[in-house]
Amino acid sequence: MDAIASALGDGARWRIVELLAERPRSVGELADSTGLRQPQTTKHLQTLARAGLVTAFPLGQRRVYAVESAPLRELGRRLADLVDTIAAHAGERDVVERYRAAIEAESLAADRDRWADGRSFTFERVLAAPRDLVWRYWTEPRLLQSWWAPPSMTITDCVVAPKRGGRAALAYRDAEGRRYRSEGRVELAAPPGRLEFDLSVLDESGAVAFTGRYDLVLGEHSSGTRLSLDLTITATTVEAVAAIAGIETGWSRVLDNLANTLSDVKEKS
């Protein structure tokens, strides 16, 4: 498939295949139709032949070339599969576009420090798992690490210690090696239904970009657990634009990760 894609990646060779799709042709005919010299045309045909796209037929003193449809059909199937995959994951592109738009909007608003103080967000999910298990996925580092970051990130530190004054932290790095870190502390832990903690997003120098106060409530539900997460922002700096722009999309995605993880656990049990 690589050889086929490479062979068709040249405009002149693509035109030759188009001409041969109409009928078999000689080198001279193809050269006349494409405006190429015959030696160039011959080299292009040799490349196409090595990829299995054309076959040469010696006819006395002449050589006539014909296109092979099977490799093109296979390429068409692969391209159709690719288009289907793109359509199935269109939401991933939408996430990036929404994030870009959010950064542009927040950049206009971030004209001074504390510009986003008091802003709040609420996230809700119904999770197919009992409260005590959901609580464990919030408070046991190994389980917390399984969902609390975008899938493209590598977590290096992850903890919400379920006691007053307990440590809260999330650190990860992206594929380019950039590092992100948040540090805070737990203000309230009432298992298995209530967890409050502060988490400050730190910039590259270790200074606070902004602080979030998180209030997690886990309630009973006929399908398992109703999760409600309230987030209120304080101590905002101008440099926090990108982080704040990503709050809604980011938390929506990681809570989806949690829901999917718990669904997988239920299916395996």
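Rules used throughout
Position numbers for residues start from 1 in each chain and track the written sequence from start to end. Residue-level local features of this predicted model are given only where pLDDT is at least 70; pairs of side-chain atoms are given and counted only at 80 or more, and the full residue set underlies all totals for whole chains, interfaces and linings. To obtain the side-chain values, all non-hydrogen atoms of the structure were included, while hydrogens and water were left out. Without a salt bridge and with relative accessible area above 30%, a residue can belong to a patch; like charges are then joined within 9 Å and nonpolar side chains (Val, Leu, Ile, Met, Phe, Trp, Tyr) within 5 Å. Only the protein chains shown count as cover for residues, and all accessible areas are computed by the Shrake-Rupley method using a 1.4 Å probe. Any Lys or Arg side-chain nitrogen found within 4 Å of a carboxyl oxygen on Asp or Glu counts as a salt bridge. His is not counted, nor are the chain ends, whereas Lys and Arg count as positive and Asp and Glu as negative. We put the charge of a Lys on NZ, of an Arg on CZ, of an Asp on CG and of a Glu on CD. Helix and strand assignments follow DSSP, with helices taken as H or I runs no shorter than four residues and strands as E runs no shorter than two, numbered in order from the N terminus. Partly exposed residues are those whose accessible area sits between 20% and 50% of the maximum for their type, while under 20% is buried and over 50% is exposed, using a 1.4 Å probe and protein chains only. Here a cavity is any set of points on a 1 Å grid over the protein atoms alone where a 1.4 Å probe fits but cannot get out, and a pocket is any open set with protein on both sides within 12 Å along at least 5 of 7 lines; a residue lines the site when it has an atom within 4 Å of a point. Grid points are joined across faces, edges and corners, and a volume is the space filled by probe spheres set on the points. Only Asp, Glu, Lys and Arg are considered charged, only Ala, Val, Leu, Ile, Met, Phe, Trp, Tyr, Cys and Pro nonpolar, and every remaining residue, Gly among them, polar. When two rings of Phe, Tyr or Trp (its six-membered ring) have centres within 6.5 Å they constitute a pair, described as stacked for plane angles under 30 degrees, edge-to-face for angles over 60, and tilted for the intermediate range. DSSP bridges decide pairing: two strands pair if at least two such bridges lie between them. With axes taken as lines fitted to C-alpha atoms, and helix axes fitted only over the stretch in contact, angles between N-to-C directions fall between 0 and 180 degrees. By the convention used here, residues are in contact when the closest approach between their heavy atoms is within 4.5 Å.

A. Seen up close, a negative patch on the surface. Taken together, the side chains of Asp113, Asp203, Glu204 and Glu239 present a region of like negative charge at the surface. Here glutamate 239 is to be found in the loop between strand E10 (224-234) and helix H9 (241-245). For glutamate 239, a relative accessible area of 64% translates into the label exposed.

B. A look at the layout of surface pockets. Within this model, the largest pocket holds a volume of roughly 1,300 Å³. In this structure, the largest pocket is lined by 39 residues; those nearest its centre are Tyr99, Tyr172, Tyr180, Ala242 and Ala243. At the level of elements, helix H6 (90-109), strand E6 (167-173), strand E7 (179-190), strand E8 (194-202), strand E9 (208-221), H9 and helix H10 (247-268) are the ones that each hand at least two residues to the lining of the largest pocket. At six residues, the largest contribution of residues to the lining of the largest pocket is made by H10. Grouping the amino acids of the lining of the largest pocket by side-chain chemistry returns 24 nonpolar, six polar and nine charged.

C. Inspection of the packing of aromatic side chains at higher detail. Going through the model one piece at a time under the given rule, you end up with nine aromatic pairs. Ring centres of phenylalanine 121 and phenylalanine 123 lie 6.4 Å apart, and the angle between their planes is 10 degrees; on these two criteria the pair is classed as stacked. In this structure, phenylalanine 121 and phenylalanine 123 share a single accessibility class: buried. Summarising the aromatic geometry, the rings of tryptophan 138 and tryptophan 148 are spaced 6.5 Å apart at their centres and angled 50 degrees between planes, so their arrangement reads as tilted. Here tryptophan 138, found in helix H7 (residues 131-139), pairs with tryptophan 148, found in the loop between helix H8 (141-145) and strand E5 (154-160); they are 10 residues apart in sequence, far enough to count as distant. The same class applies to tryptophan 138 and to tryptophan 148, which are both buried. Members of the aromatic cluster, connected to one another through ring pairs, are Trp138, Trp147, Trp148, Phe197, Tyr214 and Trp251.

D. Layout of the sheet that holds E9. Here seven strands make up an open sheet; going across it, the order is E4-E10-E9-E8-E7-E6-E5 and the pairing antiparallel. Strands at the two margins of the open sheet, each flanked by one partner only, are strand E4 (120-127) and E5. Ignoring strand direction, the axes of neighbouring strands in this sheet form an average angle of 20 degrees. Sheet analysis places E6 next to E7, joined by seven bridges and oriented antiparallel. Across the sheet, residue alanine 169 finds its bridge partner in E7, namely glutamate 183. Taken strand by strand, H7 contacts E4, E5, E7, E8, E9 and E10, and its axis lies near 165 degrees from that of E9.

E. Molecular detail of unusual backbone geometry. Cis geometry marks the peptide bond from proline 191 to proline 192, where omega comes out at -5 degrees. Tracing the sequence through the fold places proline 192 in the loop between E7 and E8. For alanine 235, which is not a glycine, the phi torsion comes out positive at approximately 55 degrees. With respect to the element layout, alanine 235 can be found in the loop between E10 and H9. Take alanine 235: its relative accessible area is 25%, and that puts it in the partly exposed class.

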